[in-house]
Number of protein chains: 2
Amino acid sequence: MAANQESLEKFYEREIILADRELVETGSDDILKDADKDDVAFLVVGDPFGATTHTDLVIRARELGIPVETIHNASVMNAVGACGLQLYQFGQTVSLVFFTDSWKPDSFYNKVMENRKIGLHTLLLLDIKVKEQSIENMARGRLIYEPPRYMDIATAAKQLLEIEEIRQEQAYTPNTPCVAISRLGAPTQSFKAGTLQELSEYDSGEPLHSLVMLGRQVHDLELEYLYQFVDNKEQFKLMVEQDQEFFKPPPYVPPEENDSD
Amino acid sequence: MAANQESLEKFYEREIILADRELVETGSDDILKDADKDDVAFLVVGDPFGATTHTDLVIRARELGIPVETIHNASVMNAVGACGLQLYQFGQTVSLVFFTDSWKPDSFYNKVMENRKIGLHTLLLLDIKVKEQSIENMARGRLIYEPPRYMDIATAAKQLLEIEEIRQEQAYTPNTPCVAISRLGAPTQSFKAGTLQELSEYDSGEPLHSLVMLGRQVHDLELEYLYQFVDNKEQFKLMVEQDQEFFKPPPYVPPEENDSD
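Labelled according to an unreviewed UniProt entry, chain A appears under the name diphthine methyl ester synthase, originating from Candida maltosa. As its UniProt record puts it under Pathway (unreviewed entry), chain A is described as follows: "Protein modification; peptidyl-diphthamide biosynthesis." The annotation that UniProt attaches to chain A under Sequence similarities (unreviewed entry) is "Belongs to the diphthine synthase family."

Following this line, the structure appears as structure tokens:
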């Protein structure tokens, strides 16, 4: 995670071309040029199949008769297990984008609700804005990019609370337990467990960040692991127990005896 | 994936102790012995946090004040994306164990149903039996192990069909589209897409195998990628479309106009 272009070039002993989003999404012809004759390697952060554009690149290569070999890699999709929550207890992964005054996309909300209804944890991937243009610069056709922005934990938690405030369907509450994951895989990685409300005031430091919202199914082993990341163990345990009341299936009622039998 | 103990010892230039299930589950004291003074590395297949016993090992190390550093790795939990289905469209992962005449555990069934109700794909991890004793040998206290067994795709598909036959709740049908994944990450890895019925007669070759059952939410890009693994593209497409009728939400009905307004 601490590698940069220079260190990678030294490691691979060859030149590396930085592929920004634009090149990956629209420049597949450039990337695949002469790849039928020469070896072309496409390096990604995380697992190669973590993004639809990468899948698309493989399809295009195959259409051109270019053999593709994939070398898999760790990804946030599995490294998230480092927080102590078990991977098989996660539901669908959702993305959270930066809100603006006029645009607050909340498609994540129904998905979190679906996961939590069946007791599962949710991994929320937080927005990354790199090489974005301001509306003014875009309108004037100026290729000036804004500084990169990475959503931090407090912003994510606040946006989640804002949408719950609007929707009021209790997909989650301010007291719902979550885990903040920062700089996963880097030497400075850190975890913080707390309620959504608590995390809305958490200083998560340098990027990148991800957030996990707990589901009702929390094993003792998971809870024991999370305790090392909380401020107050008893309080956190109470919040987990309270949150487990949401979406609880109705208690089992034995079928009535049929006297006529 | 093609590494063995010898090649790993050569690579790491040190002796490697083979840690079987018993050692990992009950021998944490042995593994952690002197780990506060010496470096002890615990090598796993896949990601270190893919199994609860590994999480437990980390907890025990921390209790003993032994610092733990984790190096993440690719895992079937994310490498499954190589079949062309998008990772964020997967629900909870389930395990399928070998049935016996008297024991046919079906806890996976409700989980597959939950995933499919909300349109998600399901990764099914297939049973591995290594160092298992026969009931007779166990009863007589003889430490004789059966040859290792790895569940193949046909067995998995047949077991799934058997449970649907018993439960009759249509969590899936014989026509539900699935993807067979064999030897993922190895040079001989292969994929086969077809209905559950078709895969119940599929010869999947050498282990390891995993199975993915599709959910209703299948993007065009996912489908396009799967076509390369099917026998009959038109037929597969038809099966996907038919399967999408299951768990379909009711069509939107606009609210009635209130004439009194």
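From this point, things continue past the structure.
Asks: How should the confidence of the model for chain A be read in this particular structure?
Replies: Low-pLDDT portions of the prediction should not be read for the details of their coordinates. Looking at chain A, pLDDT values average 93 and 98% of them are 70 or higher. The ipTM value of the predicted complex is 0.90, and its pTM value is 0.92.

Asks: Please explain the pairing of strand S6 (residues 190–195) of chain B as it appears in this structure.
Replies: In summary, the side chains of a regular strand alternate between the two faces of the sheet. Residue and element names in this part refer to chain B. Burial analysis of S6 places 5 of its 6 residues in the buried class, the great majority of the element. Direction of pairing for strand S5 (residues 177–182) relative to S6: antiparallel, over a ladder of 6 bridges. Note that in S6 the partner of isoleucine 181 across the bridge is phenylalanine 191.

Asks: So what exactly am I meant to see when it comes to the sheet that holds strand S7 (residues 209–213) of chain B here?
Replies: What links the strands of a sheet is backbone hydrogen bonding, and the strands pair in either a parallel or an antiparallel sense. Residues and elements named next belong to chain B. With respect to topology, 5 strands assemble into an open sheet ordered S1-S2-S7-S5-S6, the strand pairing being mixed. Two strands in the sheet have a free side with no partner beyond their single neighbour: strand S1 (94–96) and S6. Strand after strand, the sheet turns through a mean of 25 degrees between neighbouring axes, direction not considered. Where S1 and strand S2 (residues 122–126) come together, 3 bridges link them in parallel fashion. Across the sheet, the residue bridging to leucine 96 is leucine 126, located in S2. Contacts from helix H6 (residues 107–117) reach S1, S2 and S7 within the one sheet, and its direction differs from that of S1 by about 140 degrees. Relative to the sheet, helix H8 (residues 153–167) contacts S1, S2, S5 and S7, its axis offset from that of S7 by approximately 40 degrees.

Asks: Can you walk me through the domain arrangement of chain A in this structure?
Replies: The accessible area lost on association of the parts is a frequent measure of interface size. Looking at the assigned domains, one finds that chain A contains domain 1 (5–64) and domain 2 (76–247). Taking only C-alpha atoms, the centre of domain 1 of chain A and the centre of domain 2 of chain A are 30 Å apart.

Asks: What should I look at first to understand the relation of the copies chain B and chain A in this one?
Replies: For these two chain copies, the linking operation is a rotation about an axis paired with a shift along it. Note on the copies: chain B fits chain A at an RMSD of 0.1 Å, the axial shift is 0.0 Å, and the rotation between them is 180 degrees. Interpreted geometrically, this transformation is the action of a two-fold axis. Here 100% of the contact residues of chain B are again contact residues in chain A; the copies associate through an equivalent surface.

Asks: Sorry, what's going on with the side chain of Asn78(B) here?
Replies: Secondary-structure assignment places Asn78(B) in helix H5 (residues 76–79). The contact partners of Asn78(B), leaving out residues within four places of it in the chain, are Asp47(A), Asn73(A), Ala74(A), Ser75(A), Met77(A), Asn78(A) and Leu87(B).

Asks: Even after reading the chapter, I still don't get the interface of chain B and chain A, so can you show me in this structure?
Replies: On the chain A side, the residues contacting the 37 residues of chain B number 37 residues. With both sides pooled, the region where chain B packs onto chain A buries about 3,200 Å², and carbon together with sulfur makes up 61% of that total. Among the residues chain B hides against chain A, the three largest losses belong to Phe49(B), His72(B) and Tyr225(B). Together they make up 17% of the total. Our enumeration of links across chain B and chain A arrives at 10 residue pairs in polar contact (both at pLDDT 80 or more). Of all the secondary structure elements, the ones that give two or more residues to the side of chain B that touches chain A are helix H4 (52–63), H5, H6 and helix H10 (220–226) of chain B. Among the elements that line the side of chain B that touches chain A, the one with the most residues is H4(B), at 7 residues. Here the side of chain B that touches chain A is built from residues that sort into 16 nonpolar, 15 polar and 6 charged.

Asks: Can you help me understand the UniProt feature "domain: Tetrapyrrole methylase" (unreviewed entry) in chain A in this one?
Replies: With numbering matched to this structure, UniProt assigns "domain: Tetrapyrrole methylase" (unreviewed entry) to residues 22–199 of chain A. The straight-line gap between the two end C-alpha atoms of residues 22–199 of chain A is 34 Å; of that span, 34% is helix and 13% is strand.

Asks: Help me understand the packing of aromatic side chains, please; the structure alone is not making it clear to me.
Replies: The geometry of an aromatic ring pair is captured by two quantities: the separation of the ring centres and the angle between the planes. Applying the stated criterion to the full structure yields 12 aromatic pairs over all chains. Geometrically, the ring pair formed by Phe191(A) and Phe229(A) is tilted, given 4.9 Å between the ring centres and 35 degrees between the ring planes. On the criterion of sequence distance, the pair formed by Phe191(A) in strand S6 (residues 190–195) and Phe229(A) in the loop between helix H10 (220–226) and helix H11 (233–243) is long-range, its members being 38 residues apart. Relative accessible area serves as the criterion here: at 10%, Phe229(A) is assigned to the buried category. An aromatic cluster is present here, built from Phe49(A), Phe191(B), Tyr225(B) and Phe229(B) joined pairwise through their rings. Between the NZ or CZ atom of Arg149(A) and the centre of the ring of Phe98(A), over which it lies, the distance is 3.9 Å.

Cut-offs and rules
Residues numbered from 1 in each chain as written. Chains lettered and ligands numbered in written order. Predicted model: local features only at pLDDT ≥ 70, side-chain atom pairs only at ≥ 80, totals over all residues. Heavy atoms only, no water. UniProt positions renumbered as here; feature names shortened; annotations may be inferred. pLDDT = per-residue confidence, 0-100. Buried < 20%, exposed > 50% of the residue type's maximum accessible area, 1.4 Å probe, protein only. Helix = DSSP H or I, 4+ residues; strand = E, 2+ residues; numbered from the N terminus. Pairing = 2+ DSSP bridges. Axes fitted to C-alpha atoms, helices over the stretch in contact; angles between N-to-C directions. Contact = heavy atoms within 4.5 Å. Domains from an automatic or database assignment. Least-squares fit on C-alpha atoms with pLDDT ≥ 70 in both. Buried area = accessible area lost by both parts, 1.4 Å probe. Polar contact = N/O pair within 3.5 Å; in protein donor to acceptor, adjacent residues only side chain to side chain. Nonpolar A, V, L, I, M, F, W, Y, C, P; charged D, E, K, R; others polar. Phe/Tyr/Trp six-rings, centres within 6.5 Å; stacked < 30°, edge-to-face > 60°. Lys NZ or Arg CZ within 6 Å of the ring centre and 35° of its normal.

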